[in-house]
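# Residue-level structural notes
Here is what each chain is made of, one letter per residue.
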Amino acid sequence: MPKAKSDSERARGQRRGAATGMHPGFASALSHELRTPLNVIIGYGDLLREEALGPITPEQRDALQRIADNASLLLDRIDAVLDFSRFQGGVFEHGRQDVSIDEVLIALAGDARIQAARKDGSVGFEVEDTARLPFLHTDPEKLGTVLRHVVRNAVKFTDVGAV
């Protein structure tokens, strides 16, 4: 259970904000203001790619995929700014618990396979023999974020083969 911040902790948070040139809460507000329209862009892009609004050409599909990939990247960066803002403000929360690496990898596998398939079949994604992987005592969301970035980059920078 998080404890209430003391006056000295609040003062340190305000000094950190002053040192970074950011008003406490500014990055958080900015991040939230950016996330909303970006999620709308992603949603409409998905509708177009699924041809819910009519047929599209292969070139249009490729362009929409690039938009989706970059929007997802931007959303991840906005989340990172929001996390940094919470950390700077002293309200960065993490929920440590025993986490099955196997379950995290299986959850990531679907998106990773889709990303790999976009590379014209030259790259595959496989999750092998995860039964021997240990449990970690960590924040499952943060672990998922880190592994998602690692897998995304591995697929992105692999030209031929498997990740």
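Residues numbered from 1 in each chain as written. Predicted model: local features only at pLDDT ≥ 70, side-chain atom pairs only at ≥ 80, totals over all residues. Heavy atoms only, no water.

Turning our eyes to something else, we now look at the overall build of the protein. What the protein contains, in helices and strands, is five helices and four strands. Going from N to C terminus, the protein has its helices and strands arranged as α-α-α-β-α-β-β-α-β. Scored against the burial criterion, the 163 residues of the protein give a buried share of 22%. Considering only residue pairs separated by 6 or more positions, the protein has 79% of its internal contacts joining residues 24 or more positions apart. (Helix = DSSP H or I, 4+ residues; strand = E, 2+ residues; numbered from the N terminus. Buried < 20%, exposed > 50% of the residue type's maximum accessible area, 1.4 Å probe, protein only. Contact = heavy atoms within 4.5 Å.)

Time to look at the nonpolar core. As a rule of thumb, nonpolar side chains are buried together in soluble globular proteins. By size, the foremost hydrophobic cluster in this structure holds seven residues: Ala109, Ala112, Ala116, Val123, Phe125, Val151 and Val155. Of all the elements in the fold, those that place two or more residues in this core are helix 4 (101-117) and helix 5 (140-156). Ignoring anything within four residues of it in the chain, the contact list for valine 155 reads Ala112, Gln115, Ala116, Lys119, Val123 and Val163. (Core = buried A, V, L, I, M, F, W, Y, C linked by side-chain atoms within 4.5 Å.)

Before going further, it helps to examine unusual backbone geometry. One non-glycine residue, glutamate 51, lies in the positive phi region at around 60°. As for its position among the elements, glutamate 51 is in the loop between helix 2 (26-49) and helix 3 (58-88). By relative accessible area, which is 33% here, glutamate 51 ends up partly exposed.

Next up on the list: the pattern of salt bridges. Per the counting criterion, the structure on display carries three salt bridges. For the salt bridge of aspartate 46 with arginine 49, the shortest nitrogen-to-oxygen distance reads 2.6 Å. Residue aspartate 46 and its partner arginine 49 are both found in helix 2; the two are separated by three residues, about one turn of the helix. On the basis of relative accessible area, arginine 49 is assigned to the buried category, the value being 18%. (Salt bridge = Lys/Arg side-chain N within 4 Å of Asp/Glu carboxyl O.)

Time to look at a nonpolar patch on the surface. Side chains of Val40, Tyr44, Leu47, Leu48 and Leu53 sit close together on the surface and give an oily, nonpolar patch of about 460 Å² of accessible area. Relative to the helices and strands, leucine 53 is located in the loop between helix 2 and helix 3. (Patch = residues over 30% accessible without salt bridge, like charges linked within 9 Å, V, L, I, M, F, W, Y side chains within 5 Å. Areas by Shrake-Rupley, 256 points an atom, 1.4 Å probe, with all protein chains shown as cover.)

Our focus in this paragraph is the side chain of threonine 158. By secondary structure assignment, the location of threonine 158 is in the loop between helix 5 and strand 4 (161-162). Using a relative accessible area of 18% as the deciding quantity, one classes threonine 158 as buried. Of the polar contacts made by the side chain of threonine 158, one reaches the backbone oxygen of alanine 154; its length is 2.5 Å. Each residue touching threonine 158, except ones within four places of it in the same chain, is listed here: Lys119, Val123 and Val163. (Polar contact = N/O pair within 3.5 Å; in protein donor to acceptor, adjacent residues only side chain to side chain.)

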